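Given next are the chains, with one letter for each unit.
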Amino acid sequence: MLTPEERAEIEAEFPHYPNRKAVCIDAMKIVQKHRGWLSDDSLKDIGELLGMSAADLDGVATFYNLLFRRPVGRHVIYLCDSVSCWIMGSDRQCSHLTKRLGVAAGETTADGRFTLLPVVCLGACDHAPVMMVDDDTHPDLTPEQIDRILERYP
Amino acid sequence: MPEDKPLTGNMRPDGQALDREAYERAGGYQGLRKALTGMTRAAVIEEVKASNLRGRGGAGFSTGLKWSFVPETVPHPRYVVANGDEMEPGTFKDRLLVERDPHQLVEGMILAGYATGADTGYVFLRGEYKLGAQRVAQAIAEAYGAGYLGKDILHSGYSFELYLHLSAGRYMCGEETGMLNALEGKRANPRAKPPFPPVSGLFGMPTTINNVETLCNVPHIIRNGAAWFRGLSRSKDGGTKLYGASGKVKRPGLWELPMGTTIREILEEHAGGMRDGLRLRGLLPGGASTDFLTGEHLDTPMDFSEVQKAGSRLGTGTMIILDDQTCPVGMVSNLEHFFAQESCGWCTPCWSGLGWVERILRAMEEGRGQPGDMEKLAFQTRFWGSGHTFCALAPGAAEPLQSALKYFRADFEQHINEKRCPWK
Ligand SMILES: Cc1cc2nc3c(=O)[nH]c(=O)nc-3n(C[C@H](O)[C@H](O)[C@H](O)COP(=O)(O)O)c2cc1C
Ligand code: SF4
Ligand code: FES
């Protein structure tokens, strides 16, 4: 069941669109914000409110990079793997991260603290290489900086 | 206002956004007032047409002409959508506009709405742009508070609602009909055209889609006039342009300059030239989906027709610089990986061909290149041309590859012959 808070946040989107189905991406983002990821049960909960099947929602969710159908860590690291960051050496930042965290790109650390995801150009190419951790953008990355940044996300 | 930099000249040096009052002090919402109190819809469209404003999303379509395609007599509701998806690798211009002067975009959208008779607008913004999202939401709230949005704006009888939609992330959301599907809560596959969005777009209703930078120019055009706007430019296309440079230049960055500023001026004066010890090998003038240019093209003015004459496209106007210590095959491999990953899978030449090309390029980088690979790559790009696919993703993917095969042929051959990447 949706919590009253989730439900209220989703319903606040209803007036912005002419039908409920159009709200489904916003709804999935809202539930993911509260629960970390979108389980089959979460999709059923959302579907009941919007009048959609879990399969319909799954079809939508699997198209989008930022909707997670599998559990992620407490913090998600989005490392830009696009061209300007590549020119500026993002391969080195990526191997530093995989070594330090002991996971490959796409995986979550054993303690559930971090998930490492490659992501498309973050629109900060003049400060390459760039990553985001949760909602924060971290520009001009060096390996030493990465170590210091990670400490801020317990 | 610094007259030669309408888009960025008023931005605060401390990185904060202009709030409504600061925006108004700089002349903000005067264009809207002028349009709503003294101009017909047709007059607004005529002014924008006369300004020679061309779309800043990459294709360079005349904005005034696009607006005129929304028929006068169609039913309501009609929509306006701002394209702030900005997932084109190497592009970082709309981020600045939404973070630092969100009211400029809001005013541009209301004017676009008025000109096309729209009832509702959506700002479609990349989900990763968290700060931009906060600031646009704040600006929308302030604009409602001041009576610039909602019912009967400035007692003109015109009403317009504006909402923010944050994307869940996929390059295809930037393609205009993919974006409409995303807004309808669907997978962002593009739609077969015709019908085109001005006739049948969002929820089947007439819809106008413009890039964020395009819309941000509109308040200035209405306030100061088309002739003034044309005068900002050094070329036939009106206005200024946000130009950027990333890669190994001394000062990567973003600059608002007259439309038609040469590549050389942007690279040497604004970006400070190449880093010490490096030479320019090539550049993508306007993001990942534009053809490479080289050192021989430095005197090309960066406008739509001149860059095309040089064999590429202005695209988003943010250049990606390739230096002589970076492997061109590796760069193209990175680009084609992006396109392969983001292909929506509808057209066979795109999803199948991109996967194949990605594997060939990866193999070359790893020393497993084969004789005949160059021909296979060239063969694939021919199926990605316009007309073979439903959207412009595949034609865009062809551009850096086909031009790299032309300009960096020896590097590809060296990878194949020596069975290794000479840069590793
Ligand atoms: C795959 C793909 C992605 C695109 N991404 C964007 C984008 O992020 N932002 C944008 O303004 N236009 C993008 N476009 C171009 C849009 O389809 C459309 O031409 C543009 O938004 C029109 O606005 P304009 O006339 O103001 O340039 C993309 C096109 C394709 C094919
Ligand atoms: S060209 Fe590629 S991205 Fe575009 S519709 Fe076809 S398969 Fe999808
Ligand atoms: S390429 Fe990494 S931020 Fe643009």
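Attention here is on the structure that accompanies the text.

**Some remarks on the packing of aromatic side chains**
- This structure, assessed with the given rule, holds 17 aromatic pairs over all chains.
- An angle of 5 degrees between the planes, with centres 3.7 Å apart, marks the rings of Trp346(B) and Phe390(B) as stacked. In this pair, Trp346(B) sits in the loop between helix H13 (328-342) and helix H14 (348-365) while Phe390(B) sits in the loop between helix H15 (373-383) and helix H16 (393-407), placing the two residues 44 residues apart along the sequence.
- The class of Phe390(B) is partly exposed, set by a relative accessible area of 39%.
- Three or more aromatic residues joined by ring pairs make a cluster, and in this case those are Tyr17(A), Tyr79(B), Tyr122(B), Tyr163(B) and Phe203(B).
- Arg41(B) extends its terminal NZ or CZ atom over the ring of Tyr114(B), reaching a point 5.7 Å from the ring centre.
- Residue placement shows Arg170(B) over the ring face of Phe63(A); its charged tip is 4.5 Å from the ring centre.

**Brief notes about empty space enclosed by the protein**
Residue and element names in this part refer to chain B.
- Counted under the stated rule, the structure contains 2 cavities of 30 Å³ or more.
- There is about 90 Å³ of room inside the largest cavity.
- Taken together, 13 residues line the largest cavity, and the ones lying closest to its centre are Cys344, Cys347, Cys350, Cys391 and Leu393.
- A breakdown of the residues in the lining of the largest cavity according to their chemical character gives 10 nonpolar, 3 polar and no charged.

**Side note on the interface of chain A and chain B**
- At the interface, 37 residues of chain A touch 54 residues of chain B.
- Regarding the contact of chain A and chain B, the summed buried area is about 3,600 Å², with carbon and sulfur atoms giving 59% of it.
- Its largest share of buried area at the contact with chain B, chain A owes to Phe63(A), Trp86(A) and Ile87(A), together 19% of the area lost on that side.
- Counting the contacts that link chain A with chain B gives 1 salt bridge.

**Brief notes about the site of ligand 2**
- Surveying the vicinity of ligand 2 reveals 13 residues, the closest of which are Cys344(B), Trp346(B), Cys347(B), Cys350(B) and Cys391(B).
- Most atoms of ligand 2, that is more than half of them, are within 2 Å of grid points of the largest cavity.

**Observations concerning the pairing of strand S1 (residues 75-80) of chain A**
Residue and element names in this part refer to chain A.
- Of all 6 residues that make up S1, 6 are buried, and the element is covered over most of its length.
- Summarising the sheet, S1 and strand S2 (residues 114-119) pair through 6 bridges and their orientation is parallel. Counted as the bridge partner of tyrosine 78 is leucine 117 from S2.
- Pairing between S1 and strand S3 (residues 131-133): 3 bridges, direction antiparallel.

**Some remarks on the sheet that holds strand S7 (residues 280-284) of chain B**
Residue and element names in this part refer to chain B.
- Across the sheet, which stays open at both edges, the 4 strands sit in the order S6-S5-S8-S7 with mixed pairing between neighbours. The sheet is open, and its two borders are formed by strand S6 (253-258) and S7, each paired with just one other strand. Sheet twist, expressed as the mean angle between neighbouring strand axes with direction ignored, is 30 degrees.
- Both strand S5 (residues 240-247) and strand S8 (residues 318-323) contribute to a ladder of 4 bridges, which runs parallel. The residue of S8 that forms the bridge with glycine 244 is threonine 318.

Basis of the calculations
- Numbering of residues begins from 1 in every chain and follows the order in which that chain's sequence is written.
- Labels are handed out in written order, letters beginning with A for the chains and numbers beginning with 1 for the ligands.
- Reporting of local features is limited, given that this is a predicted model, to residues whose pLDDT is at least 70; pairs of side-chain atoms are given and counted only at 80 or more, and all residues count toward the totals for whole chains, interfaces and linings.
- Side-chain metrics in this entry use all non-hydrogen atoms of the structure; hydrogen atoms and water are not considered.
- Geometry of aromatic contacts follows a simple scheme: Phe, Tyr and Trp rings, the Trp one being its six-membered ring, pair when their centres are within 6.5 Å, and the pair is stacked under 30 degrees between planes, edge-to-face over 60, tilted otherwise.
- Secondary structure counts use DSSP, requiring at least four H or I residues in a row for a helix and at least two E residues in a row for a strand, with both numbered from the N terminus.
- Classification of residues uses two cut-offs on accessible area relative to the type maximum, computed with a 1.4 Å probe and protein chains only: under 20% is buried, over 50% is exposed, and between them is partly exposed.
- By definition here, charges over rings are those cases where NZ of Lys or CZ of Arg is within 6 Å of the ring centre and within 35 degrees of the ring normal.
- Within this scheme a cavity is a closed region of a 1 Å grid, computed over the protein atoms alone, that accommodates a 1.4 Å probe without allowing it to escape, whereas a pocket is open but has protein on both sides within 12 Å along at least five of seven lines; lining residues each have an atom within 4 Å of a point.
- Grid points are joined across faces, edges and corners, and a volume is the space filled by probe spheres set on the points.
- Throughout, the ten residues Ala, Val, Leu, Ile, Met, Phe, Trp, Tyr, Cys and Pro are labelled nonpolar, Asp, Glu, Lys and Arg are labelled charged, and all others, Gly among them, are labelled polar.
- Contacts are assigned to residue pairs that have any heavy atoms within 4.5 Å of one another.
- The buried area of a pairing is the accessible area, by a 1.4 Å probe, that goes missing from both parts when the two are put together, added over both.
- Salt bridges, as used here, are contacts in which a Lys or Arg side-chain nitrogen is within 4 Å of a carboxyl oxygen on Asp or Glu.
- Near is defined per residue: the residue qualifies when any heavy atom it owns lies within 4 Å of the molecule or strand.
- Whether a molecule sits in a cavity or pocket is decided by its atoms, more than half of which must lie within 2 Å of the grid points.
- Note on pairing: DSSP must find at least two bridges between two strands before they are called paired.
- Every angle, taken between N-to-C directions, lies between 0 and 180 degrees, and every axis is a line fitted to C-alpha atoms, over only the stretch in contact when it is a helix.

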